[in-house]
Amino acid sequence: RPNEGVFSFQDDERWLSLRYDLTAPLARFAAENFESLPKPYRRWAAGPVWRNEKPGPGRFREFWQCDADTVGSASPAADAEMIAMACAALEAVGLKRGEYQLKVSSRRLLDAVLDKVGATETGTRLTVLRAIDKFDRLGAQGVLLLLGPGRKDESGDFTKGAGLSLSDSNEVLGFIRGASRETREGTLTRLTRLLGADSPGVVELREVDAALTAMGVGEDQAAFDTSIVRGLEYYTGAVFEAQFINASGVSFGSIGGGGRYDGLAASFRGEPV
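Residues numbered from 1 in each chain as written. Predicted model: local features only at pLDDT ≥ 70, side-chain atom pairs only at ≥ 80, totals over all residues. Heavy atoms only, no water.

1. Let's talk about the sheet that holds strand β5 (residues 100–106)
Thinking step 1. Judged by pairing direction, the sheet is mixed, and its four strands sit side by side in the order β8-β5-β9-β10 without closing on themselves. Of all the strands in the sheet, the pair left with one neighbour each is β8 (222–224) and β10 (251–259). Neighbour-to-neighbour, the strand axes of the sheet open up by a mean angle of 30°, direction not taken into account.
Thinking step 2. Relative to strand β9 (residues 238–245), β5 runs antiparallel, the two sharing seven bridges. (Pairing = 2+ DSSP bridges. Helix = DSSP H or I, 4+ residues; strand = E, 2+ residues; numbered from the N terminus. Axes fitted to C-alpha atoms, helices over the stretch in contact; angles between N-to-C directions.)

See below:
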């Protein structure tokens, strides 16, 4: 059977699957045509996609994805360009400054923290990522359970946890909570103190910050937030999530997201792209 998140059904002996996203098809196209594509190669696409997930408020099994990608640049400036473009797109559809914010982090930061607590097994790391991705919805206590033994939800369904010790769980939780309302420079200072100035994730975010500043993207448009991890396992670097900000200045749900995925085209091509 295809991946459980893919909406699939059987037609006689064949598995048929509905399109999960617009990203994997791009990775395949880029891998097959890499030599002839201009670098960096930029493209956008829009169309319906399907997810085999439990529906909920604001979460549907069928929805339209509006997608934009850059292929062929290892520079964090490419990540900053995507963040700036997302800000411009949100304003183009009518959101004003102060009504949205791009929250930005890096998977490399979390990798460094997981290495620090000894969570080296791939399955454990993925469970930790998915737990942290629920921070906004479940809060610190819910995530603490998912980092440790597991959690039973209101319906009685039990989700197995990552199995980290309480001290290691608190170390991860302390990293993702950070300080509230930090400036980008404030976050960089905290991360430098925690992980060191030469940590790949810290270096990456510092370059993203410099590029955003050069493009005139302010703190009200894009901020650093270490609780942003994105649940998909293929992200390898910068990750970001667009959030709607209500009239009281409170973040009110995700309205978009993305990140760097240097390894996805490698499954077709055999080298990072």
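2. Describing the pairing of β5
Thinking step 1. Counted residue by residue, β5 has seven buried out of seven residues, so it is predominantly covered.
Thinking step 2. Residues Y100, L102, V104 and S106 of β5 are buried on one face, and the alternating residues Q101, K103 and S105, pointing to the opposite face, are buried as well. (Buried < 20%, exposed > 50% of the residue type's maximum accessible area, 1.4 Å probe, protein only.)

3. Structural notes on the pattern of salt bridges
Thinking step 1. The full count for this structure, using the stated rule, is 20 salt bridges.
Thinking step 2. For D262, the salt bridge goes to R260, with nearest N and O atoms at 3.0 Å. In terms of burial, D262 and R260 fall into one category: buried.
Thinking step 3. A cluster of three or more residues bridged by salt bridges with shared partners is formed by E35, R269 and E271. (Salt bridge = Lys/Arg side-chain N within 4 Å of Asp/Glu carboxyl O.)

4. Quick look at the side chain of R184
Thinking step 1. Structurally, R184 can be placed in helix α7 (residues 184–195).
Thinking step 2. Polar side-chain contacts of R184 include one of 3.4 Å to the backbone oxygen of G218.
Thinking step 3. With sequence-adjacent residues up to four places away left out, R184 is seen in contact with D209, L212, T213, V217, G218, E219, A222, A223 and F224. (Polar contact = N/O pair within 3.5 Å; in protein donor to acceptor, adjacent residues only side chain to side chain. Contact = heavy atoms within 4.5 Å.)

5. Section: the environment of E91
Thinking step 1. The topology assignment puts E91 in helix α2 (residues 76–92).
Thinking step 2. If we skip the residues at most four places from it in the chain, E91 touches R97, Y100 and Q221.

6. Observations concerning the packing of aromatic side chains
Thinking step 1. Going through the model one piece at a time under the given rule, you end up with three aromatic pairs.
Thinking step 2. Here F29 and Y41 contribute two aromatic rings whose centre-to-centre distance is 6.1 Å and whose plane-to-plane angle is 40°, an arrangement assigned as tilted. Of this pair, F29 sits in helix α1 (residues 23–32) while Y41 sits in strand β3 (residues 41–50), placing them 12 residues apart in sequence.
Thinking step 3. The rings of Y234, Y235 and Y261 are connected pair by pair, giving a single aromatic cluster. (Phe/Tyr/Trp six-rings, centres within 6.5 Å; stacked < 30°, edge-to-face > 60°.)

Limitation: the analysis is restricted to geometry and does not speak to function.
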